[in-house]
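Commentary on secondary and tertiary structure
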Amino acid sequence: MNQLTSRTINWLRVALVILVLFVHVHPDHNPHWLTLDNLSGQPLGWVIFSVIGTFINKFAFIAVPLFFTISGYLFFHKLETWSWSVWKQKIRSRVRTLLIPFIIFNVICAISLLCLSLKNGGGWTLAGAYEGRWPLVGWLWNGVSYCQGWKNWLGMDMQLYYPLDVPLWFVRDLMVILGLSPAIYWLTRKGGALYLGVVGIAYCLGVLCCAPGFSTNALFFFSLGAFAAIRGIDPVEWSRKNIKWILPIFICFWIVASMIVAPGEAQPFENLTFTFGIPVCFWIGGGVMARKAVESNSLTTTLSTPTTPTPPTAKYDSTFITGACFFIYCIHMVNFGKWNLLAWANQVGSQIFNLDNPAIASIAYLTEIALIMAAGTLTYWLLKRFLPRLSGIITGGR
């Protein structure tokens, strides 16, 4: 992996956590929010707020597919021939970086919920929680559900199940896919583009049913990253070479997906948006990193003199930033009693800003995201500063 691709992937991780916050802050919770089929005769300010918010929100959902793609690429990078010893080593590494943080943050959620229930006189227990879903482990696997009653365009159930720490459904599904990685490697090696095409079509059309822990979302995009790694395709370089035809297609699907209000009907267009959006993200990230490298080289060349050797290109030390972003991703919806970081930011935004004004509501939306990032980063810094071993454990050694 060349230096540009490595930097691009590191900094895309940061951008993707911010996109997750764009989704979870929910501008559509504003009482003045308008769906795109109800804009006629409405105040112009709220029309602009709702249209821009809809397009941003739709794009932000690409975060998890891109996370899966990067995970597949990194897992199989430099794995030219199959080796069970290398595979076991990679799995052991993921136990530390994924499984342990996954368990810790969900345990925190479970303890918090138990304490709150007992305080309120309830009899909540782990064994009987969540309407009988997977007793004893439901809180860790499928304890929270959303989208009840939603159907896709084929009439298939779209109800989703999450662990108690909702954002970590990505980690749950990724761990399942990692268990299937030997089969994915074999299918990618033997089937190549045919295998990827079949899974991609199934994903885009939504024709495969999903279960808690297994999704075509995870299977397809992890396989996409695996395909690039196994075939020696650099995602940044490939995206830059093909962006001229990919970008117009992405924009078309993005517009259509954003304009369709019914979630089931929008699903195929959303999935196609995310599929073509993956190389767009690599193109944008690679362009930003390449520009920064050029600016850094220009600066060092300007500052250097004939008697002073030119300093090497500045390194982008992203260890702290990526660790902080992973911590924010895990912690922002964890309840401590009735309090969590996301709810706190929403409350601060509603108290400081006049949410009846569309311009100010837009500022509040961005401010809430900034508050979550700032508070999460500060908490992570304090943990690293005073409890470095604990911070290392809960963030998987990042």
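**What about the packing of helix 2 (residues 44-60) against helix 10 (residues 235-259)?**
The description of two packed helices rests on the angle between their axes and on the distance between the axes. One way to put it is that helix 2 packs onto helix 10 with a least axis distance of 10 Å and a crossing angle of 115 degrees. Classified by chirality, the crossing of helix 10 by helix 2 is right-handed. Where helix 2 approaches helix 10, its residues T54, F55, K58 and F59 are matched on the opposing element by F250, W254, I255, A257 and S258. Looking at the contact of helix 2 with helix 10 residue by residue, the classes come out as six nonpolar, two polar and one charged.

**Comments concerning the packing of helix 7 (residues 181-191) against helix 9 (residues 216-230)**
The contact between helix 7 and helix 9 brings their axes to 10 Å, and the two run at 60 degrees. With respect to helix 9, the axis of helix 7 lies oblique. As for the relative orientation of helix 7 and helix 9, their crossing is right-handed in sense. Touching S181, I184, Y185, T188 and R189 of helix 7 are L219, F222, S223, A226, F227 and I230, all from helix 9. Its residues placed into classes, the contact of helix 7 with helix 9 shows seven nonpolar, three polar and one charged.

**So, helix 1 (residues 3-25)**
Along an α-helix, residues three or four positions apart point the same way, because every turn accommodates 3.6 residues. With 23 residues, helix 1 ought to run about 33 Å at 1.5 Å a step, and its terminal C-alpha atoms sit 34 Å apart, in line with that. Put simply, N2 is the residue that caps the front of helix 1, since its side-chain oxygen is 3.1 Å from the backbone nitrogen of L4.

**Details of the side chain of D234**
In this fold, D234 is placed in the loop between helix 9 and helix 10. R240 provides the closest opposite charge to the buried, salt-bridge-free D234, at an N-O distance of 7.8 Å. There is a polar contact of 3.0 Å between the side chain of D234 and the side chain of N2. Among the polar contacts listed, one links the side chain of D234 to the backbone nitrogen of E237, at a separation of 3.0 Å. Filtering out sequence-adjacent residues up to four positions away, D234 remains in contact with N2, T5 and Y73.

**A short note on the confidence of the model for the protein chain**
Model confidence for the protein chain is summarised by a mean pLDDT of 86, while 86% of its residues fall at 70 or above. In the model, residues 304-316 has pLDDT below 50 throughout and makes 13 contacts with residues more than four positions away in sequence or in other chains.

**Let's talk about the packing of aromatic side chains**
The relative placement of two aromatic rings is captured by the distance of their centres and the angle of their planes. With the rule as written, the count across this model stands at 28 aromatic pairs. Taking the centre distance of 6.4 Å and the plane angle of 90 degrees together, the rings of F170 and Y329 count as edge-to-face. Here Y329 lies in helix 12 (residues 319-331) and F170 lies in helix 6 (residues 169-179), a separation of 159 residues in the sequence. An identical accessibility class is assigned to F170 and Y329; each is buried. An aromatic cluster is defined as three or more aromatic residues linked by ring pairs; in this entry it consists of F75, F76, W82, W84, W87, Y185 and F222. Its end group placed over the ring of F75, K90 keeps NZ or CZ at 5.6 Å from the ring centre.

**A short note on a nonpolar patch on the surface**
Nonpolar side chains collect at one region of the surface, where F320, L378, W381, L382, F386, L387 and L390 lie side by side and expose about 670 Å² of accessible area between them. Ranked by residue count, the leading element in the nonpolar patch is helix 14 (residues 358-386), at four residues. Locating F320 in the fold gives a position in helix 12. A relative accessible area of 31% means that F320 is categorised as partly exposed.

**Quick word on unusual backbone geometry**
Most peptide bonds take the trans configuration, and most residues that are not glycine carry a negative phi. A positive phi angle, near 60 degrees, is found at H26, a position not held by glycine. Relative to the helices and strands, H26 resides in the loop between helix 1 and helix 2. Take H26: its relative accessible area is 30%, and that puts it in the partly exposed class. For K78, which is not a glycine, the phi torsion comes out positive at approximately 70 degrees. Among the structural elements, K78 can be located in the loop between helix 3 (63-76) and helix 4 (84-119). Judged by relative accessible area, which is 68%, K78 ranks as exposed.

About the criteria used
- Residue positions are given per chain, counted from 1 along the sequence in the order it is written.
- For this predicted model, a pLDDT threshold of at least 70 governs which residues receive local features, and a threshold of 80 or more governs which side-chain atom pairs are given and counted, while totals over whole chains, interfaces and linings are taken from all residues.
- Hydrogens and water are ignored here; the side-chain numbers use all heavy atoms of the structure.
- Where helices are involved, their axes are fitted lines through C-alpha atoms of the stretch in contact, as for all axes, and angles between N-to-C directions lie from 0 to 180°.
- Strands are runs of DSSP state E lasting at least two residues, helices are runs of H or I lasting at least four, and both sets are numbered from the N terminus onward.
- In this scheme the crossing of two helices becomes right-handed for a clockwise turn of the near helix relative to the far one and left-handed for an anticlockwise turn of less than a right angle.
- Pairs of residues are marked as contacts when any of their non-hydrogen atoms sit within 4.5 Å.
- Residue polarity follows a fixed list, in which Ala, Val, Leu, Ile, Met, Phe, Trp, Tyr, Cys and Pro are nonpolar, Asp, Glu, Lys and Arg are charged, and the others, Gly among them, are polar.
- We call two directions roughly parallel when the angle between them is under 35 degrees, roughly antiparallel when it is over 145, roughly perpendicular when it lies between 65 and 115, and oblique otherwise.
- Multiplying 1.5 Å by the helix residue count minus one yields the expected span of that helix.
- We define a polar contact as two N or O atoms separated by no more than 3.5 Å, with the added condition that, inside protein, one atom must be a possible hydrogen donor and the other a possible acceptor, whereas residues neighbouring each other in sequence contribute only through side-chain atom pairs.
- With a 1.4 Å probe rolled over the protein chains alone, any residue whose accessible area is under 20% of its type maximum counts as buried; one over 50% counts as exposed, and the rest are partly exposed.
- Under this rule, positive means Lys or Arg and negative means Asp or Glu; His and the chain ends count for nothing.
- Any carboxyl oxygen of Asp or Glu within 4 Å of a side-chain nitrogen of Lys or Arg constitutes a salt bridge here.
- Per-residue confidence from the predictor is reported as pLDDT, which spans 0 to 100.
- Aromatic rings from Phe, Tyr and Trp, taking only the six-membered ring of Trp, are treated as a pair when their centres fall within 6.5 Å; an angle between ring planes under 30 degrees marks them as stacked, one over 60 as edge-to-face, and anything in between as tilted.
- Counting as a charge over the ring demands two things of the Lys NZ or Arg CZ atom: a distance within 6 Å of the ring centre and an angle within 35 degrees of the ring normal.
- Residues form patches when they are more than 30% accessible in relative terms and have no salt bridge. Like charges link within 9 Å. Nonpolar side chains (Val, Leu, Ile, Met, Phe, Trp, Tyr) link within 5 Å.
- For accessible areas, the Shrake-Rupley method is used with a probe of radius 1.4 Å. Any residue's cover is judged against the shown protein chains and nothing else.

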